[in-house]
Amino acid sequence: MTPASPIPDAALAALETAINHYIALDPEGAARLGPLAGRLIALEFKGFGNRLYFIPGAEGFQIYGAYDAEPDCLLRGTSLALARLGLSRRKEDALFSGQVEVEGDTALAQRFGDFMAGLEIDWEEQVSRLTGDALAHALGSRLRAAGHWGRRSLDILGLDLKEYLQEEGRLLPTRYELEGFLDEVDRLRDDGERLAARVERLHRLLQTGSRAGCGAGQDEEGPPC
Amino acid sequence: MSDDKTTHFGYKQVPVEEKSSHVRAVFDSVASRYDLMNDLMSLGIHRLWKRYTIELAGVRRGQRVLDLAGGTGDLASRFARITGPEGQVVLTDINAAMLTMGRDRLLDQGLAVNLLYAQVNAETQPFPDGYFDCVTIGFGLRNVTHKQKALAEMYRVLKPGGRALVLEFSHPTSQPLAKAYDLYSFSVLPALGRLITSDADSYRYLAESIRMHPDQETLRGMMAAAGFERCEYFNLTGGIVAIHRGYRL
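Quick caveat, the model's predicted, so the values are computed rather than measured.

## Concerning the overall build of chain A
If you tally the helices and strands in chain A, you get eight helices and five strands. Across chain A, helices and strands are ordered from the amino to the carboxyl terminus as α-α-β-β-β-β-α-α-β-α-α-α-α. In chain A, the share of contacts with a sequence separation of at least 24, taken over all contacts with a separation of at least 6, comes to 57%. As displayed, chain A has an accessible area near 14,600 Å², and 59% of this comes from carbon and sulfur atoms.

Rendered as structure tokens:
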């Protein structure tokens, strides 16, 4: 069994309820989970070593911090890389650049990522349960129109604001700067681990060397014991 | 110690053949509000204990699972989603009222394809040898009259490589916790029982039966005596509850 997850079970139970509630809002999306039912998908967070296990079912996931069985597929990466895999539209970036390692059933990993990224919620259907189809549709059309306008405006505003903050104000880093920084953090961590391993190896070498030196009973010219 | 003719029912001694009918009366009385009481009594923590049981069971798609004394189907509902349509989950309980509650609840959750139900006494299980990949008994073993017999049956119906899990109240590992727990279970529990199911006696029985249940090490020894190997236990919530796991190898 993997070591106990530092993520408390209570938090995972809450996460499970929240995600399943979210999935329930998109019944067609949830139906895509059907064929994956009972498969065991593990996410391993590099640097922390803990895992999250997802078991899809017809109406959502069961999520555990440990599961005493070999997963069908294991996705291993830094928290950020795993988040990118789920959220970004271009998962291939994360998969093919080697930021996320996949072990086991890669097709399953791909479908899991697709599912997480492709959840769409049909608000109209949800409202129609309360108000009936006609009213919900009218409401939906208005909301969609408003939504489109709003999204366009927000996009423009967002672009303007982003440009101002990044380029003119120099208050925020650009995406490339941020990714560069995150890569450097990852590299620094790896370097740190390598250095620690190297020091450890040198330390061992020194100890075995000095023991060998003492044991051989060398004269004064030998290395100091 | 009881002689051969009597056994404990909580702190009372009753004739061996009568224990199961006493237990039945307790559960007939609490069945309709069993889930609500569980939530109140354990402050919702029983859900986490059951989650941990599922994690330790490590059941896979297509496997066969037997849930003994499955009550209202908390474990079976999760197992059924994991084993999928090619698997099989058998929910059993000795008590018809509890089993009916469990079946209704699982049907309401849309679970039907791979679930079977049977009214079963854990001491005499109507299943072939080596049939199941996993057998669980959650908060049930302490109500069984002949526990060793039930463990032997669990061993018999398991496939080689299969595992049995016993989720059960146990004995707190620290003295202060044990004191607080006693106070809670002999004062608060019966009062809650009276409020919600108008039945304080049944909940007093629950508290007493927990004290009479073998402690962690004893139960592990009983599992080993039944033939299980690699027997181990996991204390939860300071030993108030323990999960024992053993394999048929």
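Let us keep going from here.
## As for empty space enclosed by the protein
Residues and elements named next belong to chain B. Within the structure shown, the criterion is met by one cavity of 30 Å³ or more. Looking at the largest cavity, its volume works out to about 30 Å³. Contributing to the lining of the largest cavity are E168, F169, S170, H213, P214, D215, Q216, L219, A242 and H244. Listed by contribution, the elements that provide at least two residues to the lining of the largest cavity are β7 (158-169), α9 (216-225) and β9 (241-247). Each residue belonging to the lining of the largest cavity can be placed in one class, and the counts come to four nonpolar, four polar and two charged.

## A word on the packing of aromatic side chains
If you walk through the whole model with that rule in mind, you get 13 aromatic pairs over all chains. Ring centres of F54(A) and F61(A) lie 5.4 Å apart, and the angle between their planes is 90°; this geometry places the pair in the edge-to-face category. For the residue pair F54(A) and F61(A), the accessibility class agrees, reading buried in each case. Measuring from ring centre to ring centre gives 5.2 Å for Y155(B) and F228(B), while their planes differ by 90°; the resulting arrangement is edge-to-face. In this pair, Y155(B) is assigned in helix α6 (residues 147-157) and F228(B) in the loop between α9 and β8 (229-236), connecting sequence segments 73 residues apart. We classify F228(B) as buried; its relative accessible area is 4%. Through pairs of rings, three or more aromatic residues link up here, namely F54(A), F61(A), F112(A) and F115(A). A cation sits over an aromatic face here: R230(B) above Y247(B), 4.3 Å from the ring centre.

## A closer look at the side chain of E208(B)
Residue and element names in this part refer to chain B. In this fold, E208 is placed in helix α8 (residues 200-212). Its relative accessible area of 14% is what places E208 among the buried residues. Here E208 is in contact with F9, G10, Y11 and F186, once residues within four sequence places are set aside.

## Remarks on a negative patch on the surface
Residues and elements named next belong to chain A. A cluster of acidic residues, D160, E163, E167 and E168, forms a negative patch at the surface. Tracing the backbone through its elements, the reader meets E168 in helix α7 (residues 133-168). Take E168: its relative accessible area is 59%, and that puts it in the exposed class.

## Some remarks on the nonpolar core
Core analysis: the largest hydrophobic core is formed by 37 residues, its most contacted members being Y67(A), W49(B), V59(B), F79(B), F169(B) and V241(B). Taken together, the elements giving at least two residues each to this core come down to β2 (51-57) of chain A together with α3 (45-57), α4 (74-83), β4 (88-93), α5 (96-108), β7, β8 and β9 of chain B. Per element, the largest residue contribution to this core is five residues, and it comes from α4(B). Apart from residues lying up to four places away in sequence, F79(B) is in contact with I54(B), A57(B), V59(B), V65(B), V89(B) and T136(B). If you look at the next biggest cluster of nonpolar residues, it comprises 25 residues, including L66(B), V120(B), F127(B) and M223(B).

## Thoughts on the sheet that holds strand β3 (residues 64-68) of chain B
Strand pairing within a sheet occurs via backbone hydrogen bonds; the two strands may be parallel or antiparallel. All names here are of chain B. The seven strands lie next to each other as β5-β4-β3-β6-β7-β9-β8, forming an open sheet whose pairing is mixed. Each edge of the sheet is formed by a strand with only one pairing partner; in this case those strands are β5 (115-119) and β8. Averaged over all neighbouring strand pairs, the angle between strand axes comes to 15°, with direction disregarded. By the bridge criterion, six bridges tie β8 to β9 in an arrangement that is antiparallel. The residue of β9 that forms the bridge with F234 is I243.

What counts and how
Residues numbered from 1 in each chain as written. Chains lettered and ligands numbered in written order. Predicted model: local features only at pLDDT ≥ 70, side-chain atom pairs only at ≥ 80, totals over all residues. Heavy atoms only, no water. Helix = DSSP H or I, 4+ residues; strand = E, 2+ residues; numbered from the N terminus. Contact = heavy atoms within 4.5 Å. Areas by Shrake-Rupley, 256 points an atom, 1.4 Å probe, with all protein chains shown as cover. 1 Å grid on protein atoms, 1.4 Å probe; cavity = no way out; pocket = protein on both sides within 12 Å on 5 of 7 lines; lining within 4 Å. Points joined across faces, edges and corners; volume = space filled by probe spheres on them. Nonpolar A, V, L, I, M, F, W, Y, C, P; charged D, E, K, R; others polar. Phe/Tyr/Trp six-rings, centres within 6.5 Å; stacked < 30°, edge-to-face > 60°. Buried < 20%, exposed > 50% of the residue type's maximum accessible area, 1.4 Å probe, protein only. Lys NZ or Arg CZ within 6 Å of the ring centre and 35° of its normal. Patch = residues over 30% accessible without salt bridge, like charges linked within 9 Å, V, L, I, M, F, W, Y side chains within 5 Å. Salt bridge = Lys/Arg side-chain N within 4 Å of Asp/Glu carboxyl O. Lys, Arg positive; Asp, Glu negative; His and termini not counted. Charge placed at Lys NZ, Arg CZ, Asp CG, Glu CD. Core = buried A, V, L, I, M, F, W, Y, C linked by side-chain atoms within 4.5 Å. Pairing = 2+ DSSP bridges. Axes fitted to C-alpha atoms, helices over the stretch in contact; angles between N-to-C directions.

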